[in-house]
Amino acid sequence: MQWSGIPRTRVSAILGVLLTGYLILMSLQLNQNSGHWLNRLDYLWYDLRFNWSLQWQPKQIGEQPIAIIDIDEQALAEQGRWPWSRHKLAELVTTLSEYGAVVVAFDVVFSEPERNPVDEVQQRIAIDGEVWKVPSGWYRQVDGDSQLAQELPSTDVVLGFFFLDEGSVTVGQLPAPAYRLNNSQRQSLVMITKPGYAANLPLLQQAAQGGGFVTTFADADGAVRRSPLTIRYGNNVYPSLSLATVMTYLFDNELMLETARVGQVEVLRRIGLAEQMARTDGSGRVIVPYRGGKKTFPYFSATDVLNGRIDNDALEGAIVLIGTSAIGLADLRTTPVGTQYPGVEVHANIIDAMLNDGFPYRPEWEAGATLTQLVLIGAILSLWLPRLGPILAIVVSGTTMLLAVTGNFYLWNKLNLDLPLAAIILLVVVLTMLNLGYGFLRENASRRLLKGMFDQYVPPAHIDRMMSDPSAYQFEGEQKELTVLFSDIRSFTNISETLSAAELKAFLNSYFTPITKIIFDNEGTIDKYVGDMVMAFWGAPVDDERHAYHAVLTALKMQQMTQKLRDEFSEKGWPAVEIGVGLNTGPMNVGDMGSSYRRAYTVLGDSVNLGSRLESITKFYGAKILIGEHTQALAPEFIYRYIDRIQVKGKNEPVRVYEPLCLQKELTAELSAELTQYEAAHQLYMEQQWDAAAAAFAELIHGYPQQKLYQVYKDRIADLRQENLPQDWDGVFRHTQK
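Below is a summary of the structure that appears in this document. In this text the structure is predicted, and so the values were computed from the model without any measurement. (Residues numbered from 1 in each chain as written. Predicted model: local features only at pLDDT ≥ 70, side-chain atom pairs only at ≥ 80, totals over all residues. Heavy atoms only, no water.)

1. Quick look at the overall build of the chain
Piece 1. Regarding its fold elements, the chain presents 26 helices and 32 strands.
Piece 2. Residue burial in the chain is summarised as follows: out of 738 residues, 49% are buried.
Piece 3. Taking all contacts inside the chain whose residues are at least 6 apart in sequence as the whole, residues at least 24 apart take part in 74%. (Helix = DSSP H or I, 4+ residues; strand = E, 2+ residues; numbered from the N terminus. Buried < 20%, exposed > 50% of the residue type's maximum accessible area, 1.4 Å probe, protein only. Contact = heavy atoms within 4.5 Å.)

Right, dumping it as structure tokens:
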């Protein structure tokens, strides 16, 4: 095949070289943009490699025992909510000392004084009209901060503190710096610098043996893979909690910084003590060498320690870290070895690595090595693959990738070298795909893009129709008349408070699954789930002339399913579920919208906003479903109850609102009689015959006490009697809240 007179193999080779050059340029920019998508691919490879390594060659914890005293759910249940009294923490320190702990490090910051109960007593008790003077000795005896400060010297204690980006915040007292920069280093040394801090009370910091910052820095994807050993504040350098703990354990306060000259600046290479130097990156961060998943290190509940329920020799000679794994205390991190990883155990891994086998690191020559590999692999594959058949091309590319992955894995496990691989893998994959055929790739990419965009939003039947003719559908925005639906679980906050995290997840999954099936079965498109809210629309991406009918039918079936689920949930001991549904029809902007990072096929516009407002006021009228007047006009197959003529917040034009009750063929004599009686009462209301209208609605309330709407009108009549209504009063009710 020829393209503009150039052979296909040459076109593929030229495109391959251009793609190689492009990837090389991107790889050179990664250090300037940590959030770059290629860096995110490297994070993924790093996590896979890390977990494979742990399975293939598990890392062993060193001989020095490191234990974590956990303020867990059990501790909170037995000892009370956090923060605990400083008296209790003093008791914890004393108990740890008695158990034989050699160093106790707090992954907790005591930046604010604890209120002394004597102050409370002195403010509230008076004798003969005079304030009772509490004996001076009582104040210190019951003062929690003084008690904790008194017990800290019972063992070597290291306190944690935070460095902040706000220079105006300087709370508490920093510990003594571990290193003071000389004049040359002040000007040229590049390292992490912070302008503010939140440290411990001077009374406590002075009583402790040392202190270290607990500030962490996650990568762009939110995972903690690296952690700084030092941070600069002013002209001083302060250690992390991990490093400060090791310094205290080894009785070595001489921090050493090994630097390297890069142009006009100096960058860090190693940080540590004379015998324990840790290899770092240029800013002083180490790669955290996780020994395994969470709770790889021994954990002891703080309440078990306080109550003497652990073995006498369990903490003998141990470095003890006090932290929390309780979900509500927000010290859980995302790491390569799992989510909800206790932050205190990150420190344990670093301490263990400093005392034993050191850290993996990314060498200075990494950029040159990566560039060389990209050039060689890109040139060879770009020139060679176009000459091979598809099967042989896949074999050659697979062999190249296997060699690259195996070599990278070997260097990580045997030499502790962290070398990036995402750009190399991506280059091999891209060049292979390029040479498997332009036409096939175009068609396949179009199908996958279409399916990937819509398979979570629209019914499978729609997907099949769209896949049969992808060119008939587009992602670009357009304006169409659609019907949108909003559904929300009522009192969801109260429901969530009664369920555990696992139960809440099961509760929502059990609710959303049948509700989503109903939407799909009735030709709907799922827009999004937000907490307990589901949003859907009809009429796009596949045209639907009966979009209003399908939307109203879906709303009725959702209410029927909710009634069925209510019985099922009751059997499981879950709270009863009630939902409100709002529908509206009108012109909307629909298309693939969002950012370069994340996009969604969604609808926007005033008609969408009105649908959301209608859902939110279902509770006001006691209605299960509310729809706009245009929806009602387009779906005459249903029986409706006229609700009100309203003006919602943020809208100037009033709209009539209806409640769909059932299909025309399902109308019962009892419901028909109720609607006839209601219409007569409403007519009296509109004619301002207040006495007759009030009596009519009172009769409706007596006959149908479950209908809140009738009470709403009765109460409104009482208010309107007191107003001087204009002659052109049209009955519009203005809602002032969303």
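Let's pick the thread back up.
2. Looking at the pattern of salt bridges
Piece 1. Counting across every chain of the model gives 28 salt bridges.
Piece 2. A salt bridge links R309 to D304, with the nearest nitrogen and oxygen atoms 2.7 Å apart.
Piece 3. With a shortest N-O distance of 3.2 Å, R641 and E674 are connected by a salt bridge. Remark: E674 occurs in helix α24 (residues 669-686) and R641 occurs in strand β30 (residues 638-647); sequence separation between them is 33 residues. There is no split in this pair, since R641 and E674 are both buried.
Piece 4. The structure contains a network of salt bridges with shared partners spanning D47, R49, D219, D221, R225, R226, R362 and D418. (Salt bridge = Lys/Arg side-chain N within 4 Å of Asp/Glu carboxyl O.)

3. Some details on helix α26 (residues 708-721)
Piece 1. Its 14 residues give α26 an end-to-end C-alpha distance of 20 Å, which sits within 8% of 20 Å, the value for a rise of 1.5 Å per residue.
Piece 2. Within α26 the residues assigned to the buried category are L709, Y710, V712, Y713, R716, I717 and L720. Viewed along the axis of α26, the buried residues span an arc of 150°, placing them on a single side of the element.
Piece 3. As for α26, its buried residues are in contact with α22 (618-621), β30, α24, α25 (690-703) and β32 (733-734). (Expected span 1.5 Å × (residues − 1). Arc of directions from axis to C-beta.)

4. As for a nonpolar patch on the surface
Piece 1. Together, W37, L41, L44, L48 and W52 make up an exposed nonpolar region whose accessible area comes to about 470 Å².
Piece 2. Among the structural elements, W52 can be located in helix α2 (residues 37-56).
Piece 3. Taking the relative accessible area as the measure of exposure, W52 reaches 40% and is therefore partly exposed. (Patch = residues over 30% accessible without salt bridge, like charges linked within 9 Å, V, L, I, M, F, W, Y side chains within 5 Å. Areas by Shrake-Rupley, 256 points an atom, 1.4 Å probe, with all protein chains shown as cover.)

5. Some points on the packing of helix α10 (residues 241-249) against helix α12 (residues 343-355)
Piece 1. The N-to-C vectors of α10 and α12 enclose an angle of 45°; their axes lie 9 Å apart at closest approach. In terms of axis orientation, α10 runs oblique to α12. For α10 against α12, the interelement crossing comes out right-handed. Between α10 and α12, the contacting residues are L241, S242, L243, T245, V246 and Y249 on the first element and H347, I350, I351, M354 and L355 on the second.
Piece 2. For the contact of α10 with α12, the residue count by class is 8 nonpolar, 3 polar and no charged. (Axes fitted to C-alpha atoms, helices over the stretch in contact; angles between N-to-C directions. Parallel < 35°, antiparallel > 145°, perpendicular 65-115°, else oblique. Left-handed = near helix turned anticlockwise from the far one by under 90°. Nonpolar A, V, L, I, M, F, W, Y, C, P; charged D, E, K, R; others polar.)

6. A word on the nonpolar core
Piece 1. In terms of nonpolar packing, the biggest core is built from 48 residues, with L229, L255, L257, Y290 and L321 touching the most fellow members.
Piece 2. Of all the elements in the fold, those that place two or more residues in this core are α2, β3 (66-70), β4 (103-106), α10, β17 (265-272), β19 (285-287), β21 (319-323) and α12.
Piece 3. Sort the elements by how many residues they give to this core and α12 lands first, with 8 residues.
Piece 4. In this structure, Y290 is in contact with F50, L54, K59, V224, T335, P336, V337, Y341, V346 and N349, ignoring residues within four places of it in sequence. (Core = buried A, V, L, I, M, F, W, Y, C linked by side-chain atoms within 4.5 Å.)

7. Thoughts on the environment of I526
Piece 1. Within the secondary structure layout, I526 lies in strand β25 (residues 525-530).
Piece 2. We classify I526 as buried; its relative accessible area is 1%.
Piece 3. Residues I526 and W538, 12 residues apart in the sequence, show an inter-C-alpha distance of 9.1 Å.

8. Re empty space enclosed by the protein
Piece 1. What the rule picks out here adds up to 1 cavity of 30 Å³ or more.
Piece 2. Put simply, the largest cavity is a space of about 50 Å³.
Piece 3. F213, V214, T215, T216, S227, P228, L229, S240, L241, S242, H347 and I350 are the residues that line the largest cavity.
Piece 4. For the lining of the largest cavity, a count of residues per class yields 6 nonpolar, 6 polar and no charged. (1 Å grid on protein atoms, 1.4 Å probe; cavity = no way out; pocket = protein on both sides within 12 Å on 5 of 7 lines; lining within 4 Å. Points joined across faces, edges and corners; volume = space filled by probe spheres on them.)

9. Some details on α25
Piece 1. With 14 residues, α25 ought to run about 20 Å at 1.5 Å a step, and its terminal C-alpha atoms sit 20 Å apart, in line with that.
Piece 2. Inspection of α25 places W690, A693, A694, A696, F697, L700 and I701 among the buried residues, and these make up the whole buried set. Angularly, the buried residues of α25 cover 165° about the axis, an arc narrow enough to put them on a single face. Opposite the buried face of α25, at more than 90 degrees from it, the exposed residues are D691, E699 and H702.
Piece 3. Structurally, α25 contributes buried residues whose contacts are with α24 and α26.

10. Focus on the packing of aromatic side chains
Piece 1. Under the criterion given, the structure shown has 35 aromatic pairs.
Piece 2. With 5.8 Å between their ring centres and 55° between their planes, F50 and W412 make a pair best called tilted. You can see F50 sitting in helix α2 and its partner W412 sitting in helix α14 (residues 390-415), a full 362 residues away along the chain. Neither residue differs from the other here; F50 and W412 are each classed as buried.
Piece 3. Site record: aromatic cluster; members linked through ring pairs are Y678, Y685, W690, F697, Y704, Y710, Y713 and W729.
Piece 4. Between the NZ or CZ atom of R226 and the centre of the ring of Y46, over which it lies, the distance is 5.8 Å.
Piece 5. In this arrangement the basic side chain of R716 is found over the ring face of Y713, its NZ or CZ atom lying 5.0 Å from the centre. (Phe/Tyr/Trp six-rings, centres within 6.5 Å; stacked < 30°, edge-to-face > 60°. Lys NZ or Arg CZ within 6 Å of the ring centre and 35° of its normal.)

11. Concerning the packing of α14 against helix α15 (residues 422-434)
When two helices pack together, their arrangement is given by the angle between their axes and by how far apart the axes lie.
Piece 1. Relative to each other, α14 and α15 sit at 180°, their axes nearing to 10 Å. Comparing their axes, α15 and α14 come out roughly antiparallel. Here α14 contributes S397, T400, M401, A404 and V405 to the contact with α15, which in turn contributes I424, I425, V428, V429 and T432.
Piece 2. Of the residues in the contact of α14 with α15, the class split is 7 nonpolar, 3 polar and no charged.

12. A look at the pairing of strand β24 (residues 478-489)
The side chains of a regular strand alternate, first on one face of the sheet and then on the other.
Piece 1. Of all 12 residues making up β24, 9 are buried, and the element is well covered by its neighbours.
Piece 2. As defined by bridge partners, β24 adjoins strand β27 (residues 579-594) across 12 bridges and the pair is classed as antiparallel. For E478, the partnering residue across the bridge sits in β27 and is V590.
Piece 3. Relative to strand β26 (residues 533-538), β24 is paired through 6 bridges, and the arrangement is antiparallel. Each bridged residue has a counterpart across the sheet, and for S487 the counterpart in β26 is V534. (Pairing = 2+ DSSP bridges.)

13. Considering the sheet that holds strand β15 (residues 236-239)
Paired through backbone hydrogen bonds, the strands of a sheet run either parallel or antiparallel to each other.
Piece 1. What the 3 strands build is an open sheet, ordered β9-β15-β14; its pairing is antiparallel. Every interior strand has two partners, whereas the edge strands, β9 (179-180) and β14 (230-233), have only one.
Piece 2. Inspection of the sheet shows β9 paired to β15 by 2 bridges, in the antiparallel sense. Bridged to Y179 within β15 is V237.

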